[in-house]
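Each chain, written out:
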Amino acid sequence: MIEVKKLVKSYGPTGVLRGLNLSARAGECVVLLGPNGAAKTTLLRILATLTKPDSGSVSIHGVDPAKQGELVRQSVGVVMHSPMLYGDLTVAENLGFFARMFGLMTPESRIAELLERVEMDHRRDVRVRLLSHGQQKRVSLARALLHSPRTLLLDEPESGLDQRARSVLEAIIGEFRSPGRSVLMTTHHLDLGLQVADSVAVLERGRVTLHEPVSAVDVVRLQARFSEPVGAV
Amino acid sequence: MAESRIDESAAEQGSEAAPDNAGNEPGVPASASSSTSPSNLRASLGVIWAIARKDLLLEVRNRDVIVSIAGFVLLVFAIFTFAIDINDRDSARFVGPGVLWAGIAFAGVIGLNRAFALEMERDTLEGLMLTPVSRDLIFLGKALGNLLFLAISVAIALPVFAVLFNLVVFRFEMLAIAALTVIGFSSVGTMFAAMSVRVRAREIMLPLLFLPVIAPLLLAAIEATADLVAGDSWSEMSQWLQLAAAFDVVFVIISAVIFQFILED
């Protein structure tokens, strides 16, 4: 469960988050929509313990990331814009290294399972530098799932993915969603968001201006607000 | 599409540290904290080595750092052999130790810059920060990697220095001087490299921050090496080695503490 209350973050004189409130219940997938510069990535960085907020409170499964970052990172899997993988290590070496960082003692079977799941098992011994962006993104998703997190934070995970890989992503999010687990995902693709989400939140100028269940979403109104049309995915 | 669920084997993986009292579910990996219990200590050492080993593996594959350091040091030596009369044994003894350690310090700046630039290019440092490994272990892992790069570079540079300057440096004491100097260089250098890597003028910023701080260590290394090439006994150079050791203890701790705050956004 994710609970964000009155979150404020500024970079110099520029306020990017201005008293943001948001919650994701256990078992829920919340999709964050918003224009560029709406501070979606900043919010995810704060939840991932990469950035400290100026004020407000954040709780992930009852733990404050600012105070107990290591505990939060044990239970959170993150996919950001950048794949965050070592270009001169192979896919398997990258995942092996991060598995070691997450404390997995015998990660080989887990790595094999995840590579198969993201359909990258045939590229396990290829250096990441030689993969396409979409393939790197898939490996990044496998890295985020290595330690069986209870929360997934996904920042536009569909970017660079082809149609097949997007289907895999949707399936993985669907499988991940279970009692006790939450997903918070940003996207510019309304269609993808509506397919995977339980609820949709709109972030504008540092605040959540709309948060409602998918069943209650006025798709036409949202479509008008965001450029990517339904059916474009 | 594969049919397996994404989390089904997680509980089989186990973790290095036993399920803890922090409320972790079975199968959820425990972090390698900096606690001092034997199992945690072993896990922490394993994490430090894994980070350093990863850096070494990357270096073996792209040879960016060691080639930069060793290449620059050898160039400095070559230039100084033209600039001074090294056939005059006294001037070689007088200038040689300074050339040796100043060359290694300047070359170290280049190598340290490169080592962190590589982590930033692909945002892999942030990837590392997303793991439950404590920031001080990340620092120690990175510092150990840089220490190994510097040690390899010094091992390449010393024989060349000995030949070019016609000085006897291969005594047991040289091992102590080199070890203490490289430890201090790598710990302070890792901290300042992390600090300067996010700024635009990092190539200038790192030497401006690094060189003044390591001045006492540089002085100790030069003076101890001068004693060594003069054939002085261990006791005569021990005051400089003590200074270097004290510098290392203080700055490894300070650097590890400051590093945590440097990484915060």
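Residues numbered from 1 in each chain as written. Chains lettered and ligands numbered in written order. Predicted model: local features only at pLDDT ≥ 70, side-chain atom pairs only at ≥ 80, totals over all residues.

Colleague: I'd love a proper account of helix α5 (residues 133-145) of chain A, names of residues and values included.
Modeller: All names here are of chain A. Given a rise of 1.5 Å per residue, 13 residues ought to cover 18 Å, and the 19 Å separating the end C-alpha atoms of α5 matches this to within 8%. Counting buried positions along α5 gives eleven out of 13 residues, so the element sits mostly inside the fold. For α5, the full list of buried residues reads Gln135, Gln136, Lys137, Arg138, Val139, Ser140, Leu141, Ala142, Arg143, Ala144 and Leu145. Taken together, the buried residues of α5 touch β5 (76-79), α3 (91-101), α4 (108-117), β6 (151-155) and α6 (163-176). (Helix = DSSP H or I, 4+ residues; strand = E, 2+ residues; numbered from the N terminus. Expected span 1.5 Å × (residues − 1). Buried ≥ 20, exposed ≤ 12 C-beta atoms within 10 Å, placed from the backbone. Contact = placed C-beta atoms within 7 Å.)

Colleague: Talk me through the sheet that holds strand β2 (residues 14-24) of chain A; I want residue IDs and the actual numbers.
Modeller: Whether parallel or antiparallel, the strands of a sheet pair through hydrogen bonds between backbone atoms. Residues and elements named next belong to chain A. An order of β2-β1-β4 is seen for the three strands of this open sheet, with the pairing classed as antiparallel. Edge strands, defined here as strands with exactly one partner in the open sheet, are β2 and β4 (55-60). Taking each pair of neighbouring strands and ignoring which way they run, the sheet shows an average axis angle of 25°. The sheet contact formed by strand β1 (residues 2-11) and β2 spans eight bridges and is antiparallel. Bridge pairing in β2 links Ser10 to Gly15. (Pairing = 2+ DSSP bridges. Axes fitted to C-alpha atoms, helices over the stretch in contact; angles between N-to-C directions.)

Colleague: Account for the sheet that holds strand β3 (residues 29-33) of chain A, naming residues and giving values.
Modeller: Residue and element names in this part refer to chain A. Taking strand neighbours across the sheet as the criterion, the six strands line up as β5-β6-β7-β3-β8-β9 in an open arrangement whose pairing is mixed. Whereas interior strands pair on both sides, the edge strands pair on one side only; in this sheet they are β5 and β9 (207-213). Across this sheet, the average inter-strand angle for adjacent strands is 15°, counted without regard to direction. In the sheet, β3 pairs with strand β8 (residues 199-204) via four bridges, with the strands oriented parallel. Bridge pairing in β8 links Leu33 to Val202. Packed onto the sheet, helix α1 (residues 40-47) meets β3, β6, β7 (182-186) and β8 and runs at close to 150° relative to β6. Running over the sheet, α5 touches β5 and β6 and is turned about 170° from β5.

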